[in-house]
Amino acid sequence: MDNILVWTMISILVMVGLVSVVGIISIYLERKVSAFMQDRLGPMEVGFGSLANAIIGKKTFKEGRIGLAQSLADGLKLLQKEDIVPKGADVFLFKLAPMIVFGGTFAAFAALPLAEYFVPADINIGLFYILAISSFGVTGILMAGWASNNKWGLLGALRSTAQMVSYEIPIGVSLISIVMICGTLSLKEMVLAQSGWFWNWHLFGAISHNGAIGIVLLPVMFINFLIYFTCSLAETNRAPFDIPEAESELVAGYHTEYTGMRFAIFFLAEYGAIFVGNAIAVTLFLGGWNSGIPMLDEANIPGIAPLIFITKVFVLIFVVMWVRWTLPRLRVDQLMNLCWKYLIPFTLFTFFYVTIYKVFLT
Amino acid sequence: MSYFGNISKAFSTIATGMKITFRHFKNARKPDGIFTTQYPHKAVPLPKFSRQQLHNRIEDCIGCMKCANACPVSCIYIETVKAPAGTLSDTSNGQKRRLYLTRYDIDMAKCMFCALCTYPCPTECITINSDFNFIKFERKDLLYKFSDYSPEQVEQIKQEAKLREQQEAAEKIAKAKAAAEAKLKAETEAKAKAEVPQVEAKTEEVKAEQKPETKE
Ligand code: SF4
Ligand code: SF4
């Protein structure tokens, strides 16, 4: 019991650091990945050494630097920027909005199962909690757009809300299939159910639950995973669903008027949300902290479980970035079209398929 | 297009696009996969005759104003002061320099980099080079001053020239005066010579005039 308590304390502390570290790493990755896909180099100048030198006021350059400290330097820069509240803005809401957005993301981090004893808040309705709390961010986004008294901000916020609300439906329905198979909402138990060989992962059906017959779920689970992944892109306002922030139309969408640290908080929250979205995908479909090879899991190497989990999430984040730098932005009507005419019918289909399977085949 | 046709088309086009970007991502590790040049540290060499910045080797300039006259936008400003013979050294190709260049400014903010000023120069001292990195924070810094005299020196040169001019003028006046005096002298002498016969003629006239009166 004591042991678990200590682990919980440690995991909470780790989570606090994890949010910002994840944000910083993903921003760096994003810049590098996008650069490589466009035949550029990306950040190259700011290494940790030159950042330290710059703080004490010295300019240095060394060959072979790859810009590892770029996000950190950007954060430092944003910290020093003037904090502007526009004239005519609703000051209270304007200042509250970034905190709500960040709070929603941060609270979602709490329930992520990094390892068996590494769940900061192991609640038995973990999945429901994460879905609920990460949708909380919409409120903050709408608030930000409304309070900044700016037409781009308001338009961005409106689009964002419309998008998030409609994409909640396919997300919810596609995840219910997994819940039906597992019979639980606890993320930790879902991961435990996927331990063993990688074909036990829910992406490949329900083999760990019902033996070989679970393979009949493979196609629907694949569809479910694709739908969940697509919707999580839309939920986090990523391209090709980035119409709330559409740079070429709306300046920056709901955070047009934000400067300095408040802007940085929006930015961190966005990358945090991406991490949470993909962490759910990993937990539910890709076996969470299980490596997929039982020998490796049983070897009990300390610290390997969270590492596997985070690696899987970052592989998915790479795919997210890959999609972003490949596909053009959807129009608003195309966006709604995709959601209501394609994603929702398919999720309903998989939902009934899984229901029938559950009732008649087990 | 049919409903499922749409879906399959979406998948195939997305796959095509993603394949292309992934190829670029993979090729980024190859040396020719990336097109960025890290400019301040490495630079692509410019063409040999690229025209960027003007330079004047002022010790070779004879102040002939040919460049200033050739410039289509009139952005070369030259002021000269006459120098006494022998005070200035010759140019490197053996021309005589007879003028102090008290001002030789090129306004690079007005310059359009046509290099037309470089062709007529008899001593080939104004040249255009490939140094393009001359960003300035203030526009007035783009006025390049090539004259190697400080303002005090310019003042001194001007004053000396003025003195010389005055001296020359004084000399000239003196010369002129002397010349005039000499002329006057010569004239008076000539007059004196011519006066004697005149007087005689006059008396004759008088006599001739008086004669008919007496006849009446
Ligand atoms: S390069 Fe052309 S514009 Fe510039 S100073 Fe020479 S003649 Fe004038
Ligand atoms: S043409 Fe050459 S020598 Fe003549 S004033 Fe210009 S730079 Fe000097």
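Note that the structure is a prediction, hence the values are computed from the model and not measured.

(A) Seen up close, the overall build of chain B. The number of helices and strands found in chain B is three helices and five strands. Counting from the amino terminus, helix and strand elements in chain B follow one another as α-β-α-β-β-β-β-α. Here chain B, with 216 residues, has 25% of them falling under the buried criterion. Element-wise, carbon and sulfur atoms account for 57% of the exposed surface of chain B, whose accessible area totals about 16,300 Å².

(B) Looking closely at the interface of chain B and chain A. Each partner contributes to the interface: chain B provides 20 residues, whereas chain A provides 21 residues. Of the roughly 1,900 Å² buried where chain B meets chain A, counting both sides, 69% is carbon and sulfur surface. Taken as a group, Tyr3, Met18 and Phe25 of chain B account for 29% of the area that chain B buries against chain A, more than any other trio of residues on that side. Linking chain B with chain A are zero salt bridges. Looking at the side of chain B that touches chain A residue by residue, the classes come out as 11 nonpolar, eight polar and one charged.

(C) Highlighting the site of ligand 1. Around ligand 1, the structure places 13 residues, and the nearest of them are Cys71, Cys111, Cys114, Ala115 and Cys117 of chain B. Residues of the shell around ligand 1, tallied by class, amount to 13 nonpolar, no polar and no charged.

(D) Highlighting the site of ligand 2. Taken together, 14 residues form the shell around ligand 2, and within it Cys61, Cys64, Met65, Cys67 and Cys121 of chain B come nearest. Among the residues making up the shell around ligand 2, the classes are represented as 11 nonpolar, two polar and one charged.

(E) Inspection of the side chain of Thr161 of chain A at higher detail. Tracing the backbone shows Thr161 of chain A in helix H6 (residues 151-182). When sequence neighbours within four positions are dropped, the list of residues in contact with Thr161 of chain A reads Val138 and Leu142 of chain A.

(F) Inspection of empty space enclosed by the protein at higher detail. All names here are of chain A. Considering all chains together, one arrives at five cavities of 30 Å³ or more under this definition. In this structure, the largest cavity encloses a volume near 340 Å³. Taken together, 25 residues make up the lining of the largest cavity; nearest its centre are Ser134, Met164, Glu235, Thr236 and Ala273. Among the elements of the structure, helix H4 (91-109), helix H5 (126-147), H6, helix H9 (218-235) and helix H11 (260-285) are those that each provide at least two residues to the lining of the largest cavity. Sort the elements by how many residues they give to the lining of the largest cavity and H11 lands first, with seven residues. Classifying every residue of the lining of the largest cavity by side-chain character gives 14 nonpolar, eight polar and three charged.

(G) Looking closely at the pairing of strand E3 (residues 99-107) of chain B. All names here are of chain B. Of all nine residues in E3, seven are buried; the element is thus mostly enclosed. Pairing between strand E2 (residues 76-82) and E3: seven bridges, direction antiparallel. Looking at E3, one finds that Val81 is bridged to Tyr100.

(H) Representation of the confidence of the model for chain B. The predicted model of chain B averages 82 in pLDDT, with 90% of residues at 70 or higher. Ranking the elements of chain B by mean pLDDT puts helix H3 (residues 151-215) of chain B last with 77 and helix H2 (residues 66-70) of chain B first with 89.

(I) Region of interest: the nonpolar core. With 71 residues, the main nonpolar core has Phe109, Phe275, Leu284 and Phe285 of chain A as its most contacted residues. Of all the elements, helix H13 (residues 304-324) of chain A adds the most residues to this core, at 11 residues. With 22 residues, the next largest nonpolar core counts Cys75, Met108, Cys121 and Leu142 of chain B among its residues.

(J) Looking closely at the side chain of Thr102 of chain B. Residues and elements named next belong to chain B. Here Thr102 shows up in strand E3. Owing to a relative accessible area of 9%, Thr102 belongs among the buried residues under this scheme. Apart from the residues lying within four places of it in its own chain, the contact partners of Thr102 are Glu79, Thr80, Val81, Ser147, Tyr149, Val154 and Ile157.

(K) A look at the pattern of salt bridges. All names here are of chain A. This structure, assessed with the given rule, holds 10 salt bridges over all chains. A salt bridge links Arg31 to Asp74; the shortest N-O distance between them is 2.8 Å. Of the two residues, Arg31 is situated in helix H1 (residues 2-37) and Asp74 in helix H3 (residues 70-80); the sequence distance between them amounts to 43 residues. Looking at Arg31, the relative accessible area reads 32%, which means it is partly exposed.

(L) Spatial organisation of the sheet that holds E2 of chain B. Residues and elements named next belong to chain B. The sheet built from three strands is open, its strands ordered E2-E3-E5 with antiparallel pairing. Only two strands of the sheet have a single partner each, and these edge strands are E2 and strand E5 (143-145). Averaged over all adjacent pairs, the angle separating strand axes in this sheet is 15 degrees, with direction ignored.

(M) Broad picture of the layout of surface pockets. For the largest pocket, the calculated volume is near 1,400 Å³. Along its surface, the largest pocket is lined by 35 residues, and Thr230 and Leu338 of chain A together with Ala10, Phe11 and Ile14 of chain B are the ones closest to its centre. Within the residue set of the lining of the largest pocket, elements represented by two or more residues are H9, H13 and helix H14 (332-361) of chain A together with helix H1 (3-27) of chain B. Among the elements that line the lining of the largest pocket, the one with the most residues is H1 of chain B, at nine residues.

(N) Structural view of unusual backbone geometry. Residues and elements named next belong to chain B. Its identity is not glycine, yet Ser74 carries a phi of approximately 50 degrees, on the positive side. Here Ser74 lies in the loop between H2 and E2. Judged by relative accessible area, which is 43%, Ser74 ranks as partly exposed. Phi at Ala115 is positive, roughly 65 degrees, even though this residue is not glycine. Turning to its location among the elements, Ala115 is positioned in the loop between E3 and strand E4 (126-129).

(O) Spotlight on the confidence of the model for chain A. When pLDDT is averaged along chain A, the result is 81; 95% of the residues meet or exceed 70. Taken element by element, the predicted model of chain A shows its lowest mean pLDDT in helix H10 (residues 247-250) of chain A (71) and its highest in H13 of chain A (87).

(P) Geometry of the packing of H6 of chain A against H14 of chain A. Residues and elements named next belong to chain A. Two numbers describe how H6 lies on H14: the axes approach to 9 Å, and their chain directions differ by 15 degrees. The orientation of H6 with respect to H14, classified from their angle, is roughly parallel. In this structure, H6 crosses over H14, and the sense of that crossing is left-handed. In terms of residue class, the contact of H6 with H14 is made up of 19 nonpolar, seven polar and two charged.

About the thresholds
- Each residue is numbered by its place in its chain's sequence as written, counting from 1.
- The naming scheme follows written order: chains are lettered A onward, ligands numbered 1 onward.
- Residues qualify for local features only when their pLDDT is at least 70, as the model is predicted, and side-chain atom pairs are given and counted only at 80 or more; totals for whole chains, interfaces and linings, by contrast, use all residues.
- Heavy atoms from the whole structure form the basis of all side-chain values; hydrogens and water molecules are not counted.
- Going along the chain from the N terminus, every DSSP run of H or I of four or more residues is numbered as a helix, and every run of E of two or more is numbered as a strand.
- Here the term buried applies to any residue with accessible area under 20% of the maximum for its type, exposed to any over 50%, and partly exposed to those in between, with areas from a 1.4 Å probe on protein chains only.
- Exposure was quantified through the Shrake-Rupley algorithm and a 1.4 Å probe, taking into account, for residues, occlusion by the shown protein chains and nothing else.
- We call two residues in contact when some of their heavy atoms are within 4.5 Å.
- Summed over both partners, the accessible area (1.4 Å probe) lost when two parts come together is defined as the buried area.
- The salt bridge criterion pairs a side-chain nitrogen of Lys or Arg with a carboxyl oxygen of Asp or Glu, the two atoms within 4 Å.
- Three residue categories are used. Nonpolar comprises Ala, Val, Leu, Ile, Met, Phe, Trp, Tyr, Cys and Pro, charged comprises Asp, Glu, Lys and Arg, and polar comprises the others, including Gly.
- Consider each residue's heavy atoms; a residue with any of them within 4 Å of a molecule or strand counts as near.
- Note on definitions: the grid is 1 Å and covers protein atoms alone; a cavity is a set of points where a 1.4 Å probe fits but cannot get out; a pocket is an open set with protein on both sides within 12 Å along at least five of seven lines; lining residues have an atom within 4 Å of a point.
- Grid points are joined across faces, edges and corners, and a volume is the space filled by probe spheres set on the points.
- Each pair of strands is called paired provided DSSP finds at least two bridges between the two strands.
- The quantity known as pLDDT measures the predictor's confidence residue by residue, on a range of 0 to 100.
- By convention a nonpolar core is built from buried Ala, Val, Leu, Ile, Met, Phe, Trp, Tyr and Cys residues, the set being connected through side-chain atoms within 4.5 Å.
- Each axis is a line fitted through C-alpha atoms, taken for helices only over the stretch in contact, and angles between the N-to-C directions span 0 to 180 degrees.
- Roughly parallel here means an angle under 35 degrees, roughly antiparallel means over 145, roughly perpendicular means 65 to 115, and every remaining angle is called oblique.
- Crossings are classed by handedness, with left-handed meaning an anticlockwise turn of the near helix from the far one by less than a right angle and right-handed meaning a clockwise turn.

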